[in-house]
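# Overview (structure and organization)
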Amino acid sequence: MGNEPQQPLTESIFYILLALHTPNHGYGIIKEVETLTNGRVIMGAGTLYGAIKTLLKKKWIRLYADTNDSRNKKEYVITPLGKEIFSAEVNRLEELVANAKKKEKEHEEV
Amino acid sequence: MKKFKLYFDKDEEVKWLNEMTEQGWECTDFKGGFYSFKPCLPGEWLYEADLNDHGFILSKEYRELLKDNKINVICTWGFWFLAKRKAQYGPFQLYTDLESKILQYKKIRNMFLGAGLVELICFYVEMFAFQEMKQWYFFVFSALLLGLFYVLWKAGLNMKNKIAALEGKEVTDPSSIHSLMGAVLVTCIAMLLRNYIPHLLYLFILVACIVVEIVLTIKIKKENE
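Everything numeric in this text was worked out from a predicted model, so none of it was measured. Every chain is numbered independently, its residues counted from 1 as its sequence is written. Chains carry letters from A onward and ligands carry numbers from 1 onward, assigned in written order. Confidence filtering applies because this is a predicted model: local features only for residues at pLDDT of at least 70, side-chain atom pairs given and counted only at 80 or more, and all residues used for totals across whole chains, interfaces and linings. Just so you know, side-chain values use all the structure's heavy atoms and leave hydrogens and water out.

This next bit is on the UniProt feature "transmembrane region" (unreviewed entry) in chain B. All names here are of chain B. UniProt positions are given in the numbering used here, feature names are shortened, and annotations may be inferred rather than shown by experiment. Under the UniProt annotation, "transmembrane region" (unreviewed entry) lies at residues 111-130, 136-153 and 199-218. Between the end C-alpha atoms of residues 111-130 there is a gap of 29 Å, over a span that is 100% helix and 0% strand. Runs of H or I in DSSP of at least four residues are treated as helices and runs of E of at least two as strands, each being numbered from the N terminus. The distance from the first to the last C-alpha atom of residues 136-153 is 26 Å, and the span holds 100% helix and 0% strand.

Further remarks concern the interface of chain A and chain B. Interfaces are often described in size by the accessible area the parts lose on coming together. Every residue pair with non-hydrogen atoms within 4.5 Å of one another is taken to be in contact. Listed as interface residues are 18 residues of chain A and, on the opposing side, 17 residues of chain B. Note on definitions: buried area is the accessible-area loss of two parts on being combined, 1.4 Å probe, summed for both. The junction of chain A with chain B conceals about 1400 Å² of combined surface from both sides, 50% of it contributed by carbon and sulfur atoms. The largest per-residue losses of area from chain A upon contact with chain B belong to Tyr27, Ala45 and Tyr49 of chain A, which jointly make up 40% of the total buried on that side. What counts as a salt bridge is simple: a side-chain nitrogen of Lys or Arg found within 4 Å of a carboxyl oxygen of Asp or Glu. Counting every contact that joins chain A to chain B gives two salt bridges. One salt bridge connects Lys74 of chain A with Glu61 of chain B, and the closest N-O pair in it is separated by 3.5 Å. Pairs of N or O atoms are called polar contacts if they sit within 3.5 Å, as long as, within protein, a hydrogen donor faces a hydrogen acceptor (for residues adjacent in sequence, only side-chain-to-side-chain pairs). Seen at the junction of chain A and chain B, the total is ten residue pairs in polar contact (both at pLDDT 80 or more).

Turning our eyes to something else, we now look at the nonpolar core. The nonpolar core is taken to be a set of buried Ala, Val, Leu, Ile, Met, Phe, Trp, Tyr and Cys residues, with the residues joined through side-chain atoms within 4.5 Å. Working definition: with a 1.4 Å probe on protein chains only, accessible area under 20% of the residue-type maximum means buried, over 50% means exposed, and in between means partly exposed. Residues Leu17 and Ile29 of chain A together with Tyr62 and Leu94 of chain B are the most contacted members of the largest nonpolar core, which totals 35 residues. Aside from chain neighbours lying at most four places away, what touches Ile29 of chain A is Ile16, Ala19, Leu20, Asn24, Met43, Leu48 and Ile52 of chain A. One finds Phe138, Leu145, Cys188 and Tyr202 of chain B within the second-largest nonpolar core, a separate group that totals 23 residues.

Next up, the structure:
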């Protein structure tokens, strides 16, 4: 992990990483993100499939186990590296929101 | 019911399939340009087309994911697959955010441009064969390969324009005819240089290409002013 600043994560990637803090399979991830966002983000199968491939390559997620489930569905889970990337992103977003709220307050006080 | 259509733009193809369903026809198969249809309720289905994830094969994993999302795979053909889903499940899009859409268009673009280049190389080989053997059928093969190159390259440039539009950038690429003329031009020069004797045929085509290139360049310059 270098010292280069991390690129912002896209919304889909962010939510997939969040969902995979617990092991899940493709469709399960789509459903969980739909619930988390109150139906705002309904990921297409192509978007999800492509994102999973990218995240596996980056080693931010890994295959969990595809033998436990009787229907042999592949499940994925976030890796320690993925968790690192994810918390860095959460910190970045918190900074954004905190600054926005601060400016808002300053404006109100004027 | 069967209909014959050749599409090189997946968005146009999907648009047409959706229109067919509006008229009460459900697509059940596709083979080499022939679409098979059976009657259905108007607007019952929505369609999508996409590249297989493993070249000529659509993997079991992707198939399972599609099935979970209530998407039916109609068939695969070459590098592509066709899919449909009942309209009652809502709007049907395989790519729902800008980034993944652009990434997929890039894959399609690279596929078309790559395939086009392969055809171009085959064209040069056939042209050399024609020059060596002087048999008329080498010239016919060359013409067919050049045509194939043109069609594939045009499809690739079309994707490039779509990507530019999605990225909010200007579309500045030369037309596919430009590429075609350029390819023929280079070929004629190569053929002439090989023998150092002007072959009237090559000389004629060479001059015609130069003229067309000049006209196209002026036209593009005018459009960009």
